[in-house]
Amino acid sequence: MKKISACILGATGLVGNQLLHLLLEDERFAEVRIFVRRDCGIIHPKLKQYLIDFDAPEMYENDIIGEVLFSCLGTTLRVAGSKEAQYQVDFTYQLEFARLASKNGVEKYVLISSAGANEKSKIFYSRIKGELEKAILKLTFNQISILQPGILKGKRSEFRLGERIGIAALAMFGMIPLFAGYRPIPALLVAKAMINACLNQKEKVKIYTLKKVFLLGED
């Protein structure tokens, strides 16, 4: 089996950081390129790190190469400071990188979206995710995997009170078998699901919702 060269967008985030560590230790991946604003602090023979200006992705066009692009980038309205800034991170930056990857012949694209993603949603966050999914599906990748997990569970660099409350509530709600897919999902499990989608998906396009993300990560 040919070893894979992978790119990660959002490698310092909750899921992206877990994904980075998994890929560096996975013998099926020969090289991991990450595009970040700040140094990730990791030194590894397989790792190539690019400190970039996300407003000028074309400057790094020749570096966005390989077999797969994993897109884990995302923020919150509170962290971004405005809807415009959040849209830029969650939609514009990701789409521009995806376009460059597609142009460079990257074959596979794996995206972390969100449960409830819908371009027509009245909820701003869900609408952004839905718009991004629709735009990505127009690109010329040989394979597109879209993961729509529920609320993510893991150790973040910043404290999010609302998220903590949501995790606690959904953990109890998820104890009901009918709603098991809605329980908080560990970031590590999502990272594993991204790798499994890249390696094992047969369909050209597949969207993994809630419980399917759990199952994919447990394979």
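In this text, all values refer to a predicted model and were calculated from it rather than measured experimentally. (Residues numbered from 1 in each chain as written. Predicted model: local features only at pLDDT ≥ 70, side-chain atom pairs only at ≥ 80, totals over all residues. Heavy atoms only, no water.)

Chemist: Residue-level account of the sheet that holds strand β4 (residues 68-71), with values.
Modeler: The strands making up a sheet associate through hydrogen bonds between their backbones, and the pairing can be parallel or antiparallel. Across the sheet, seven strands lie side by side as β3-β2-β1-β4-β5-β6-β9; this open sheet has parallel pairing. The open sheet has two free edges, formed respectively by β3 (47-51) and β9 (205-209), since each of these has just one partner strand. Averaged over all pairs of adjacent strands, the angle between their axes in this sheet comes to 15 degrees, without regard to strand direction. Strand direction decides the pairing type here: strand β1 (residues 4-9) and strand β2 (residues 29-36), joined by six bridges, are parallel. Within β2, the position partnered with C7 by the bridge is R33. (Pairing = 2+ DSSP bridges. Helix = DSSP H or I, 4+ residues; strand = E, 2+ residues; numbered from the N terminus. Axes fitted to C-alpha atoms, helices over the stretch in contact; angles between N-to-C directions.)

Chemist: Which residues make up the side chain of Q94, and what values go with them?
Modeler: Residue placement: Q94 occurs in helix α3 (residues 83-103). If near-sequence neighbours (up to four positions away) are discounted, Q94 is found in contact with L9, S71, C72, L73, V89, Y109, L111, K129 and L132. (Contact = heavy atoms within 4.5 Å.)

Chemist: Which residues make up the packing of aromatic side chains, and what values go with them?
Modeler: Under the defined criterion, the tally for this structure stands at seven aromatic pairs. Aromatic ring contacts, followed pair by pair, group F35, Y50, F54, Y93 and F97 into a single cluster. In this structure, K83 is placed above the aromatic ring of F124, and the distance from its NZ or CZ to the ring centre is 5.2 Å. (Phe/Tyr/Trp six-rings, centres within 6.5 Å; stacked < 30°, edge-to-face > 60°. Lys NZ or Arg CZ within 6 Å of the ring centre and 35° of its normal.)

Chemist: Talk me through the pattern of salt bridges; I want residue IDs and the actual numbers.
Modeler: Side chains that differ in charge, positive against negative, can pair when their charged atoms come close. Summed over all chains, the structure comprises nine salt bridges. With its nearest N and O atoms 2.8 Å apart, the salt bridge here joins R28 to D26. The exposure class of R28 is partly exposed, given its relative accessible area of 37%. The salt bridge partner of K103 is E61, with a shortest N-O separation of 3.0 Å. In this pair, K103 sits in helix α3 while E61 sits in the loop between β3 and β4, placing the two residues 42 residues apart along the sequence. Of the residues examined, K103 reaches a relative accessible area of 62% and is grouped as exposed. Within this structure, E31, R33 and K48 form a network of salt bridges that share partners. (Salt bridge = Lys/Arg side-chain N within 4 Å of Asp/Glu carboxyl O. Buried < 20%, exposed > 50% of the residue type's maximum accessible area, 1.4 Å probe, protein only.)

Chemist: Residues and numbers for the nonpolar core, please.
Modeler: In terms of nonpolar packing, the biggest core is built from 38 residues, with I8, F29 and F70 touching the most fellow members. The set of elements that each furnish at least two residues to this core consists of β1, α1 (14-25), β2, β4, β5 (108-112), α6 (187-200) and α7 (210-218). Ranked by residue count, the leading element in this core is α6, at ten residues. In this structure, L9, F91, A135 and I136 belong to the second largest nonpolar core, which totals 30 residues. (Core = buried A, V, L, I, M, F, W, Y, C linked by side-chain atoms within 4.5 Å.)

Chemist: Mind laying out the confidence of the model for the protein chain, listing which residues take part and the relevant values?
Modeler: Looking at the protein chain as a whole, its pLDDT mean stands at 89, while 86% of the residues score no less than 70. Low pLDDT, under 50, characterises residues 159-180; the stretch is placed with 23 contacts to residues that sit more than four places away or in other chains. (pLDDT = per-residue confidence, 0-100.)

Chemist: So what's going on with the packing of α3 against helix α4 (residues 124-136)? Residues and values would help.
Modeler: With their axes 10 Å apart at the nearest point, α3 and α4 run at an angle of 15 degrees to one another. The orientation of α3 with respect to α4, classified from their angle, is roughly parallel. In this structure, the crossing between α3 and α4 has a hand that is right-handed. Counted together, K83, Q86, Y87, D90, F91, Q94, L95 and A98 of α3 and F124, Y125, I128, K129, E131, L132, A135 and I136 of α4 form the full contact between these two elements. Here the residues of the contact of α3 with α4 sort into ten nonpolar, two polar and four charged. (Parallel < 35°, antiparallel > 145°, perpendicular 65-115°, else oblique. Left-handed = near helix turned anticlockwise from the far one by under 90°. Nonpolar A, V, L, I, M, F, W, Y, C, P; charged D, E, K, R; others polar.)

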